[in-house]
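Given next are the chains, with one letter for each unit.
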Amino acid sequence: MIITVVVILHKDQSLANLNAALYYRYASEEPFFNGRPRNVDRIRIDWHDYAHIEYESKREGPGEHGKPLKLEKLEDIKLNEKLLKENGYSAVVSDMIALNRSVPDARHVQCRKKRYLQELPTVSVIVIFYNEHWSTLLRTVHSILNRSPSKLLKEIVLVNDHSTKEFLWEPLQDYVRSKLPSKVKLFNLPVRSGLIAARLAGAKAATGDVLIVLDSHTEVNVNWLPPLIEPIAENYRTCVCPYIDGIAHDTFEYKPQSEGRRGAFDWKFLYKRLPLRPQDQTDPTEPFDSPIMAGGLFAISAKFFWELGGYDEELDIWGGEQYELSFKIWQCGGRMVDAPCSHVGHVYRGLAPFPNPRGTNFVTRNFKRVAEVWMDEYKQFLFERNPEYDKTDAGDLTKQKALRERLQCKPFKWFLDEVAPDLLLKYPLRDPKPFASGRVQSLANPILCLDSLNHNEKEPIGVFSCAANKTHPQSNQFFTLSYFRDIRVASVDKCLDAASEGSEVRLFNCHEIQGNQLWQYDMKNQMIRHGMPSWNQCLDLVKQKITISKCDPGKKTQHWAWGFVNETNLNNWETYGADLLP
């Protein structure tokens, strides 16, 4: 019997794309990493969905193309204030924006011409959520469905970590069943388990060749998937992270990340970034090695993930999992890269809406488990910075240490020497001596000192009655003009940041790239200067508020006395400390 197959090509569809479709029709159920040679002919195709790109280009409405949306009606603003506390972002704004809104193409222009291997593995996208807002969660799902090649997207695994919001139970189940394709699967955990355990549950339920972990308040960008998984197709022991664009928590404006940097950490286990190396800058579209993942967004083959033992099951809730997985990947025979042509937008919350579910310091315990298993003798430099480690029981480490032995993983010194050789230059094992530290007293009103007011990120600092101890006051008045030329406050481990002249000084995460966080103490005039000398800006006390004003030596409110001043370091400002950036 002879069977004739008639195939009609759409005008925008290439023959290579048709071949890819036929290949996946035939081989989609066959595990990609089963040992059979792949991409032998090295055929690369254009994976762009031009029809959808054209459709999105014509969309109009609130928030379309990633544009900001600001609330105007008083009733909306009042409701938003309530929902902001619940979610950490403007839920009312989110509700006004379409679930399938368009976003700007955030990639480098050269990415638009890139072709990727024809044979790529299937993926399971795992999205964990706890009390996520309805529209924000579903926008995550719709963006994945709309901007992922259907032949690659095997499933979206939604894991409900026992949310307390009623609409995330039966109403969400009804929506998934009736409004979404069958490849979207919803799993409800019987108890609140935390991010790490929920991810493990999602990974165990997943059936794709590659596991992709995304947060539940994200939007994937144009053609995000092929560049994210191609390095894995070429070597299953590769983990790949996308570029993470910002989505403003108050307006949902989509803000592309234009510059890549390598992930790292300091010796307080705060996530940091290292500059690209010369070899990473020759082609802006090529993946580059990164020592540490940011944590929330990555792709890894299921085969390699389980070879590594997944996450340590004793890590509780969240915290430290990105370091554990990063160390395991590198030290146990793998590689981790960032993919500049894969972009995912992420809502960075304006505040943390969820209380501690345990009532204990689970993050310190997690950090100690990771350090004890993977960091060898270097763990002491982490422990020295926080006395809580001595009081913390890391639990039974037998299983994790046996895993490391079985996989014959490399020592942590190898990681520092080979993977992150510049980390210790940027973040020394022990903190270098600061330029100044202690309380910062106003000479205009000597009973007042700078005070964090127990505020947190993005909130202003102020003044309060001075502590008696000048050099070692309580943490909310303990400021340090650090080796990195920023001013840090001990109470929240944040840095003073000022946007422009006349603005209030606020607390932000320390980024160590100077700019708005560059400060210098003028010993002669007892003034704290902000930014580059050409800015001529100084710290000022104006009506009980700490602001930035034009420097004026005759203005008493700009004069400050530090509890301790290292005159030697200040006199060597140009040569001591982190390199001054242009």
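Residues numbered from 1 in each chain as written. Predicted model: local features only at pLDDT ≥ 70, side-chain atom pairs only at ≥ 80, totals over all residues. Heavy atoms only, no water.

Caption draft 1: Structural view of the UniProt feature "domain: Ricin B lectin" (unreviewed entry) in the chain. In this numbering, the UniProt entry assigns the feature "domain: Ricin B lectin" (unreviewed entry) to residues 438–563. Helix makes up 0% of residues 438–563 and strand makes up 40%, while its end C-alpha atoms are separated by 5 Å. (UniProt positions renumbered as here; feature names shortened; annotations may be inferred. Helix = DSSP H or I, 4+ residues; strand = E, 2+ residues; numbered from the N terminus.)

Caption draft 2: Looking closely at the state of the cysteines. Per the stated rule, a full pass over the model turns up 5 disulfides. With a sulfur-sulfur separation of 2.0 Å, C111 is cross-linked through a disulfide to C341. Note on the C111 and C341 pair: the S-S dihedral is about -80 degrees, so by sign convention the disulfide is left-handed. Here C111, found in the loop between α4 (91–96) and β2 (116–117), pairs with C341, found in strand β14 (residues 335–347); they are 230 residues apart in sequence, far enough to count as distant. The exposure classification of C111 matches that of C341, with both residues buried. The disulfide that involves C332 links it to C409, with 2.0 Å between the sulfurs. (Disulfide = S-S within 2.5 Å. Buried < 20%, exposed > 50% of the residue type's maximum accessible area, 1.4 Å probe, protein only.)

Caption draft 3: Focus on helix α5 (residues 134–147). For α5, with 14 residues, the first-to-last C-alpha span of 20 Å sits near the 20 Å given by 1.5 Å per residue. When you tally the buried positions in α5, you get 12 out of 14 residues, the bulk of the element. Considered for burial, the residues of α5 that qualify are S135, T136, L137, L138, R139, T140, V141, H142, S143, I144, L145 and R147. (Expected span 1.5 Å × (residues − 1).)

Caption draft 4: How the structure looks around the domain arrangement of the chain. According to the domain assignment, the chain contains domain 1 (70–347), domain 2 (362–426) and domain 3 (436–572). Contact residues are listed per partner, giving 5 residues for domain 1 and 5 residues for domain 3. For domain 1, the biggest contributors to the area lost against domain 3 are R261, K268 and K272; these three give 71% of the whole. Taken together, domain 1 and domain 3 are joined by 1 salt bridge. A salt bridge links K272 to E512; the shortest N-O distance between them is 3.3 Å. (Domains from an automatic or database assignment. Contact = heavy atoms within 4.5 Å. Buried area = accessible area lost by both parts, 1.4 Å probe. Salt bridge = Lys/Arg side-chain N within 4 Å of Asp/Glu carboxyl O.)

Caption draft 5: Geometry of the packing of helix α10 (residues 321–331) against helix α15 (residues 412–419). Two numbers describe how α10 lies on α15: the axes approach to 10 Å, and their chain directions differ by 80 degrees. One way to sum up the angle between α10 and α15 is to call them roughly perpendicular. Here α10 contributes F327, W330 and Q331 to the contact with α15, which in turn contributes F412, W414, F415 and V419. Class assignment for the residues of the contact of α10 with α15 results in 6 nonpolar, 1 polar and no charged. (Axes fitted to C-alpha atoms, helices over the stretch in contact; angles between N-to-C directions. Parallel < 35°, antiparallel > 145°, perpendicular 65-115°, else oblique. Nonpolar A, V, L, I, M, F, W, Y, C, P; charged D, E, K, R; others polar.)

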